[in-house]
Number of protein chains: 2
Amino acid sequence: MRDCHKWGQKFQNYGLRLTISREAILEVLINTDKHLSAEDIFMAVHSNNPAIGLTTIYRTLELLKQTGIVTKFEFGHGKAKYELTEEYSKKKHHHHLICKKCRKVVDYTDFIMEEKEYINKAATGMQNKFGFDIDTHIIHFYGICPECKAE
Amino acid sequence: MRDCHKWGQKFQNYGLRLTISREAILEVLINTDKHLSAEDIFMAVHSNNPAIGLTTIYRTLELLKQTGIVTKFEFGHGKAKYELTEEYSKKKHHHHLICKKCRKVVDYTDFIMEEKEYINKAATGMQNKFGFDIDTHIIHFYGICPECKAE
DNA sequence: TCTGATAATGAAAACCATTATCATTTTGTA
DNA sequence: TACAAAATGATAATGGTTTTCATTATCAGA
Ligand SMILES: [Mn+2]
Ligand SMILES: [Mn+2]
Ligand SMILES: [Zn+2]
Ligand SMILES: [Zn+2]
């Protein structure tokens, strides 16, 4: 159980320990399809492991970010949200729709071929023009969700 | 001078007063090609108008955001950055390259046709699929700038 | 199994960008 | 000029995140 997961390997390679806390946090991230804040994760973990503190949540999330296991998103609503990276998630490559009214965040997986084409072209162009090595990108669409339109 | 600008009209339409503070803040935004934080703007304004406080900077930036004169960006480095919107800026439609090491932000105006094509397709798709009305989008490219590569 | 070095942790305090409060000043209008 | 509404600055408060530091858990070697 402990070492059979992808991240178990990753942790070992980085000389990090796969502790109870870290496993509990990863488990929460694996078993959700939402975008969770540190506090969301703290509360989810707390029900089974009341001893784990919020500080550890923040520290672990930072660690998971550094090792490429989670992505940190700042949607502009005060608190950062976390999601497993494509490599470690069941989710496919996707981007986000954000409702400017209710702040809902929806995953959007369509038109990935077209996106890839544009992104590749742009990333190559930037490499050539600026010498900038691109390795990730973010696309956010802002608008009003159907519920807020109806209101 | 006071009313000959686009934003003068906009302010009037909204029943807002075009005060010294607001003009000073707009002037800073007009005369830069950088992405400034509230504090950056405060310091720039301060040299000529020491009486203007940081609170007014924040309040005015929020106002300018509401009226569509500035865009607020959260690049994930702690403080928000502000830039005139396409409509009020000399800059063309563009997106951003962000260096993950030194946090530099570079404007990128290439491949806009290709981008527009993809964005239109995606926005239409989302409208049809989710009933989500998209009106803006953000594209951020993350990577390492040439200076940091050389280090 | 013991032991020491190192990593991880929790509680509490500190940090810091941003926002709220409120008394005062400025502005547009009659 | 007088008055109401809007704008402002100093200050305090907020709240998500990070630091600090003493304690605990983990692992490698003896
Ligand atoms: Mn997502
Ligand atoms: Mn820009
Ligand atoms: Zn909504
Ligand atoms: Zn750099």
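Residues numbered from 1 in each chain as written. Chains lettered and ligands numbered in written order. Predicted model: local features only at pLDDT ≥ 70, side-chain atom pairs only at ≥ 80, totals over all residues. Heavy atoms only, no water.

### What to know about the confidence of the model for chain A
Alright, step 1. On average, chain A scores 93 in pLDDT, and the residues at 70 or more come to 97%.
Alright, step 2. Here helix 1 (residues 6–13) of chain A stands out as the element of chain A with the lowest mean pLDDT, 82, in contrast to strand 1 (residues 36–37) of chain A, whose mean of 98 is the highest. (pLDDT = per-residue confidence, 0-100. Helix = DSSP H or I, 4+ residues; strand = E, 2+ residues; numbered from the N terminus.)

### Examining the interface of chain A and chain B
Alright, step 1. Across the contact, 39 residues belong to chain A and 39 residues belong to chain B.
Alright, step 2. For the chain A and chain B pair, buried surface summed over both sides reaches about 3600 Å², with 66% attributable to carbon and sulfur atoms.
Alright, step 3. Taken as a group, Tyr118(A), Phe132(A) and Phe141(A) account for 20% of the area that chain A buries against chain B, more than any other trio of residues on that side.
Alright, step 4. For Asp110(B), the salt bridge identified is with Lys129(A), shortest N-O distance 3.0 Å.
Alright, step 5. Residue assignment for the side of chain A that touches chain B shows that the elements contributing at least two residues are strand 4 (95–99), strand 5 (105–108), helix 5 (112–130), strand 6 (133–144) and helix 6 (146–150) of chain A.
Alright, step 6. Examining the composition of the side of chain A that touches chain B, we find that 12 residues originate from one element, strand 6 of chain A, more than from any other.
Alright, step 7. Residues that form the side of chain A that touches chain B fall into these classes: 20 nonpolar, 8 polar and 11 charged. (Contact = heavy atoms within 4.5 Å. Buried area = accessible area lost by both parts, 1.4 Å probe. Salt bridge = Lys/Arg side-chain N within 4 Å of Asp/Glu carboxyl O. Nonpolar A, V, L, I, M, F, W, Y, C, P; charged D, E, K, R; others polar.)

### Here we look at the pairing of strand 6 of chain A
Alright, step 1. Two strands pair when backbone bridges link them, and strand 4 of chain A and strand 6 of chain A are joined in this way by 4 bridges, in the parallel orientation. Each bridged residue has a counterpart across the sheet, and for Ile98(A) the counterpart in strand 6 of chain A is Tyr142(A).
Alright, step 2. In the sheet, strand 6 of chain A pairs with strand 6 (residues 133–144) of chain B via 11 bridges, with the strands oriented antiparallel. Counterpart to Ile138(A) in the pairing with strand 6 of chain B is His140(B). (Pairing = 2+ DSSP bridges.)

### Description of the coordination of the manganese ion (ligand 2)
Residue and element names in this part refer to chain B.
Alright, step 1. Looking at the manganese ion (ligand 2), one finds its protein donor set to be His 35 (NE2), Glu 83 (OE), Glu 83 (OE), His 94 (NE2), His 96 (NE2) and Asp 107 (OD), positioned 2.1 to 2.7 Å from the metal centre.
Alright, step 2. For the manganese ion (ligand 2), the 6 donor atoms in the first shell make angles of 53 to 168 degrees at the metal, so the coordination geometry reads as irregular.
Alright, step 3. Going along the chain, you hit the donors of the manganese ion (ligand 2) in the pattern H-x47-E-x10-H-x1-H-x10-D. With His 96 in strand 4 (residues 95–99) and Asp 107 in strand 5 (residues 105–108), this pair connects stretches of sequence that are 11 residues apart. Here the two residues His 96 and Asp 107 agree in accessibility, since each one is buried. (Donors = N, O, S within 2.8 Å, 3.2 Å for Na, K, Ca; no water. Tetrahedral: all angles 85-135°; square planar, octahedral: opposite > 155°, others 65-115°. Buried < 20%, exposed > 50% of the residue type's maximum accessible area, 1.4 Å probe, protein only.)

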